[in-house]
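Each chain, letter by letter, is given below.
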Amino acid sequence: MVRAGAGRAPLRPGTARAPGWDETHFGKMGSYYINRTFFFDVHPPLGKMLIGLAGYLSGYDGTFPFQKPGDRYEQHNYIGMRGFCAFLGSCLVPFAYLTVLELSKSLPAALLTAFILIFDTGCITLSQYILLDPILMFFLMGAVLSMVKCNSCADRLTINVAIILFTDLLYWSCRPFSASWWFWLSLTGVSLAGAMGVKFVGLFVVLLVGLNTIYDLWDLLGNLSLSLVTFGKHLLARVLCLIVLPLALYTAMFAVHFAVLNRSGPGDGFFSSAFQSQLIGNNLHNVSIPEHLAYGSVVTMKNLRMAGGYLHSHWHLYPEGIGARQQQNGTGDSNDFWRIEVVGRKTGKLIKVLRSKVRLTHVATGCILGSSGKTLPKWGWEQVEVTCTPYLKETPNSLWNFEDHINPKLPNISLDVLKPSFAEILLESHMVMIRGNSGLKPKDNEVTSKPWHWPINYQGLRFSGVNETDYRVYLLGNPVIWWLNLITIGLYLLITVCTAVALKRGVQLTSELKGITWDALLKFCAVFLSPSTTARKVYGGGILALVLLILYRLLNIKLQGNVKPGKNSLSVKCQESLDVESTPSKKAEFDYQRRATELLKDLEHDSDEKQLTELGMFSLEKKKLMWDFVSLQPPERRL
């Protein structure tokens, strides 16, 4: 299975010898890490750091510009970065296989799931390029697999006697608080940190694991055989592995990110002046200026909005027909008076460069000076517009800080004294990323898609290739897989509703009908792939027949031998079931249950070891008998 998943992509990453689609972004960011150049992105740093690490280890020197799709890589060694993404994309196949196998215990269902991923063209295409998507999906599916494995560890040790009976070392080692249980629980936390560290959309898998954990703890709280001390241990273990560990790893990612990117680059302007003073090559790095402002100081002011600009004026006038007819440059009357308000300033505190935030209010009109965020046309040199309005009082657009400061009468200090702490940098980086995400908008004439387009495979996406001679790649999911998947989901919901209604109305369904799961649907689909025409016809209508059977039994059937109040003994249940189905195999099964009931009466006061000695564990018949015996144990004798 691992070889099948790996065989679909790794030989392909070198086919397109030019960057395609978002490779121009994430490949360039990998180069920034290799060159230790600071940049800004709206996503957390883990995915780009891994891409840069893969490039560095594979011999890439970080010199390819990644300017636009279609530029040839030429002699640059890009295979390592593409191969890394292809490897993580290949891991999705065994992850999906193991997850479905663990949930359904069905090999056909697990194999069908794996083959669906192997032949999905959309997943294959995403895995062959330098993108964040295969890295994100790796951690998402890793978190789900680890969660399922951890849940299975708890479920396998529901009954102590059954474990000893079969002497299954795997089951025994997978009990709660065992090494295997801690491994899967910790791996879930690591995967959660990885998913959040690649993209903020990873928070959805955090929500999934969180809901599963709440349900699990609620179920444990209702287990009266567990003491409150044991429940407290379960709660503490999940807090440590699913909250503390992911947060610690997530914070460590940013610590590495800021430690590696210590040189000035294209991302400087998105951050505060205090942060920029730490970057090698920045104008504020290793600069000595007076710390506090005083009368006579000459200062440079910078707007605090994301990528804010400096406050300055021009000697140029508006073009003819644009702007105010009367314009003034210089000083001379009351219209040039501004009041400086220091935000959060305490009485007696001085105004600091880099750290103090101020607001400029026009004395005559009461309007507040701020940045509108709009870019002026070419006659304004495409700089950001500055306006005076009374509606910017509580926004970063109206706040300024003092960056450069000249005053020969004051002593100079090094700006290293004013550098922000790691906690301040971490908070600032997240605020900048959130603002950047909220400000993302499609460009003019850019082809966009709506959310409902993706599930139905409405349209694809051109990855690379502009001219007919170029190697062209078009992202489009396998329509057979995508559309059948939607049909299956709808069909499953319909079957689930019918089954729930039938059970609510008191209809006694067989175990096969009660246990309608994805496994049942996958088995139908797996058999539907059979080369036999007859098999395809029979099993193709299996699901439809299943729905019709439920509806028929719901509306028309009166069950034989309904259970009466108080008739809950094993002998009555066996007799009622025999009235419905009295095949030899069923009679033999109920005979086992009858014998188990008799043994329970004789051994119920003995220890587990004596019970096992009396029962033995040397034949399949006795093992089956033992399972019936265990199912009749009272709750207080179970874990």
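Throughout what follows, the structure given in this document is the object of discussion.

Conventions used here
- Residues numbered from 1 in each chain as written.
- Predicted model: local features only at pLDDT ≥ 70, side-chain atom pairs only at ≥ 80, totals over all residues.
- Heavy atoms only, no water.
- Phe/Tyr/Trp six-rings, centres within 6.5 Å; stacked < 30°, edge-to-face > 60°.
- Helix = DSSP H or I, 4+ residues; strand = E, 2+ residues; numbered from the N terminus.
- Buried < 20%, exposed > 50% of the residue type's maximum accessible area, 1.4 Å probe, protein only.
- Contact = heavy atoms within 4.5 Å.
- Axes fitted to C-alpha atoms, helices over the stretch in contact; angles between N-to-C directions.
- Parallel < 35°, antiparallel > 145°, perpendicular 65-115°, else oblique.
- Left-handed = near helix turned anticlockwise from the far one by under 90°.
- Nonpolar A, V, L, I, M, F, W, Y, C, P; charged D, E, K, R; others polar.
- Patch = residues over 30% accessible without salt bridge, like charges linked within 9 Å, V, L, I, M, F, W, Y side chains within 5 Å.
- Areas by Shrake-Rupley, 256 points an atom, 1.4 Å probe, with all protein chains shown as cover.
- Salt bridge = Lys/Arg side-chain N within 4 Å of Asp/Glu carboxyl O.

## Quick word on the packing of aromatic side chains
A ring pair, where both rings are aromatic, is described by two values, the distance of the centres and the angle of the planes. By the definition in use, this model includes 22 aromatic pairs. Ring centres 4.5 Å apart and planes at 25° place the aromatic pair Phe40 and Phe270 in the stacked group. Here the residue Phe40 occupies a position in the loop between helix H2 (23-35) and helix H3 (46-57), and Phe270 occupies one in the loop between helix H13 (228-260) and helix H14 (273-276), the gap between them amounting to 230 residues. Assessed through its relative accessible area of 16%, Phe40 is described here as buried. Taking relative accessible area as the criterion, Phe270 reaches 26% and is therefore assigned partly exposed. Seen from their ring centres, Phe258 and Phe275 are 5.8 Å apart, and the 70° between their planes marks the pair as edge-to-face.

## Let's talk about unusual backbone geometry
If you check the backbone angles, Arg36 has positive phi at about 60° while not being a glycine. Among the residues examined, Arg36 registers a relative accessible area of 32% and is labelled partly exposed. One non-glycine residue with positive phi stands out, namely Phe66, at about 50°. When you line up the elements, Phe66 lands in the loop between H3 and helix H4 (79-90). In this structure Phe66 comes out as buried when scored by relative accessible area, which is 1%.

## A closer look at the environment of Tyr458
Here Tyr458 is to be found in the loop between helix H15 (422-438) and strand S9 (461-464). Beyond its immediate stretch of four places on either side in the chain, Tyr458 contacts Trp452 and His453.

## With respect to the packing of H2 against H3
Their axes nearest at 8 Å, the elements H2 and H3 cross at an angle of 70°. Considering the angle they form, H2 stands roughly perpendicular to H3. Crossing of H2 against H3: the hand is right-handed. Where H2 abuts H3, its residues Phe26, Met29, Gly30, Tyr33 and Ile34 lie against Lys48, Met49, Ile51, Gly52, Gly55 and Tyr56. Among the residues forming the contact of H2 with H3, the class breakdown is seven nonpolar, three polar and one charged.

## Some words on the packing of H13 against H15
One way to put it is that H13 packs onto H15 with a least axis distance of 11 Å and a crossing angle of 95°. On the basis of their axis angle, the class for H13 and H15 is roughly perpendicular. Seen from H13, the contacting residues are Tyr250, Thr251, Phe254, Ala255 and Phe258; seen from H15, they are Phe422, Ile425, Leu426, Ser429, His430 and Met433. Residue composition of the contact of H13 with H15, by class: eight nonpolar, three polar and no charged.

## Some remarks on a nonpolar patch on the surface
The grouping of Leu235, Leu236, Val239, Leu240, Ile243, Val244 and Leu247 at the surface amounts to a nonpolar patch, some 570 Å² of accessible area in total. With respect to the helices, strands and loops of the structure, Leu247 is situated in helix H13.

## Details of the side chain of Ser146
One can find Ser146 in helix H8 (residues 133-156). Every residue in contact with Ser146, bar those within four places of it in the chain, is listed here: Trp184, Leu187, Thr188 and Ser191.

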